[in-house]
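Observations on the three-dimensional arrangement
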Amino acid sequence: MGRRPWQGLGGALLALSLLGTGAGAATVDIATVLADGTRATTVASLDPVSMEVTRQIPGAAPLKLGVSLDGQIDSTAPGRVSGVTVLAPRARFSAAEQGFVSGLVGRLATQCFNLLPARRAAIAAWLGQQNAAGARRVAATFGPLKLQWARGVDSGNRPFTELTLSRSGTPGAAPWVNACRAY
């Protein structure tokens, strides 16, 4: 039985070279991450660093979220996002809204901030705890990701919930190889 070209030392060298170049690392468009691949969610760009995400919630009014890249388009890696804020005009999320928001934050954490997928459950649990609590500002870290939660009322006495994701380092460079781009 003859050797195939991908077997032996040549195949091993090819595999090692792929690992060394970050095979599997990706920079994806943040609008793709926000859209979640369903027709129930739409994303509209307001400008290069602001978007509106609308989610059709069965049996309820659509949930509209403002998403801001906080002006933190990293100068060392043009177009790559180093911080995201999600703002909701809600004092509290319904169960369906909470499920969507937890999924959205989980996708942002893994695809834009290079967090391990195994941490998504801890993030969802933490978000659920914050949703059940009253108005306040808190923060938690999940590996290299810092997640801040703020809930209160604005100057017009309207309720809001704000979530901010950030991490230090350079998006797209080791160890932050999975990152998002704004444009």
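The preceding data block contains the structure.
Residues numbered from 1 in each chain as written. Predicted model: local features only at pLDDT ≥ 70, side-chain atom pairs only at ≥ 80, totals over all residues. Heavy atoms only, no water.

Looking at the state of the cysteines
If you walk through the whole model with that rule in mind, you get 1 disulfide. Between the sulfur of cysteine 112 and that of cysteine 180 lies a disulfide, 1.9 Å long from S to S. Here the disulfide of cysteine 112 and cysteine 180 is left-handed, its torsion about the S-S bond being about -75°. Here cysteine 112 is found in the loop between helix H3 (95-111) and helix H4 (120-132), whereas its partner cysteine 180 is found in strand S9 (residues 179-181), with 68 residues between them in sequence. The same class applies to cysteine 112 as to cysteine 180, namely buried. (Disulfide = S-S within 2.5 Å. Helix = DSSP H or I, 4+ residues; strand = E, 2+ residues; numbered from the N terminus. Buried < 20%, exposed > 50% of the residue type's maximum accessible area, 1.4 Å probe, protein only.)

Here we look at the sheet that holds strand S5 (residues 83-88)
The 7 strands are arranged S2-S3-S4-S5-S8-S7-S6 in an open sheet whose pairing can be described as antiparallel. Edge strands, defined here as strands with exactly one partner in the open sheet, are strand S2 (41-47) and strand S6 (137-142). Across the sheet, the mean angle separating the axes of adjacent strands is 20° when strand polarity is ignored. When strand S7 (residues 145-153) meets strand S8 (residues 159-166), the two strands line up antiparallel, connected through 8 bridges. Of the residues in S8, the one forming a bridge with valine 153 is proline 159. Lying over the sheet, H3 contacts S2, strand S3 (50-55), strand S4 (63-68), S5, S7 and S8, oriented at roughly 25° with respect to S4. In the packing of H4 onto the sheet, contacts are made with S6, S7 and S8, and the angle to S7 comes to roughly 20°. (Pairing = 2+ DSSP bridges. Axes fitted to C-alpha atoms, helices over the stretch in contact; angles between N-to-C directions. Contact = heavy atoms within 4.5 Å.)

Side note on the nonpolar core
With 38 residues, the main nonpolar core has Ile30, Leu65, Val84, Leu108 and Ile123 as its most contacted residues. Sequence-distant contacts of isoleucine 123, that is, excluding residues within four places in its chain, are made with Val105, Ala109, Leu115, Phe142, Leu145 and Leu147. (Core = buried A, V, L, I, M, F, W, Y, C linked by side-chain atoms within 4.5 Å.)

Considerations on the pairing of S3
By the criterion of burial, S3 is predominantly enclosed, with 5 of the 6 residues buried. Relative to S3, S2 runs antiparallel, the two sharing 6 bridges. Across the sheet, residue aspartate 47 finds its bridge partner in S3, namely serine 50. Two successive antiparallel strands, S2 and S3, enclose a turn made up of 2 residues.

So, the pairing of S6
With 6 bridges connecting them, S6 and S7 associate as antiparallel partners. Counterpart to alanine 140 in the pairing with S7 is leucine 147. Between S6 and S7, which pair antiparallel one after the other, the connecting turn spans 2 residues, and glycine 143 there sits at a positive phi close to 65°.

Details of unusual backbone geometry
If a residue is not glycine, its phi is most likely negative; likewise, a peptide bond is most likely trans. With an omega of 5°, the peptide bond running from alanine 174 to proline 175 counts as cis. Tracing the backbone through its elements, the reader meets proline 175 in the loop between S8 and S9. Phi at aspartate 36 is positive, roughly 60°, even though this residue is not glycine. With respect to the element layout, aspartate 36 can be found in the loop between helix H2 (30-35) and S2. A positive phi angle, close to 60°, is found at asparagine 114, a residue other than glycine.

So, H4
In this model, H4 (13 residues) spans 19 Å end to end at C-alpha, consistent with the 18 Å of a helix rising 1.5 Å per residue. Every buried residue of H4 is listed here: Ile123, Trp126, Leu127, Gln130 and Asn131. Buried residues of H4 fall within an arc of 140° about the axis and therefore sit on the same side. H4 presents Ala121, Gln129 and Ala132 as exposed residues on the side facing more than 90 degrees away from its buried surface. The elements touched by buried residues of H4 are H3, S6, S7 and S8. (Expected span 1.5 Å × (residues − 1). Arc of directions from axis to C-beta.)

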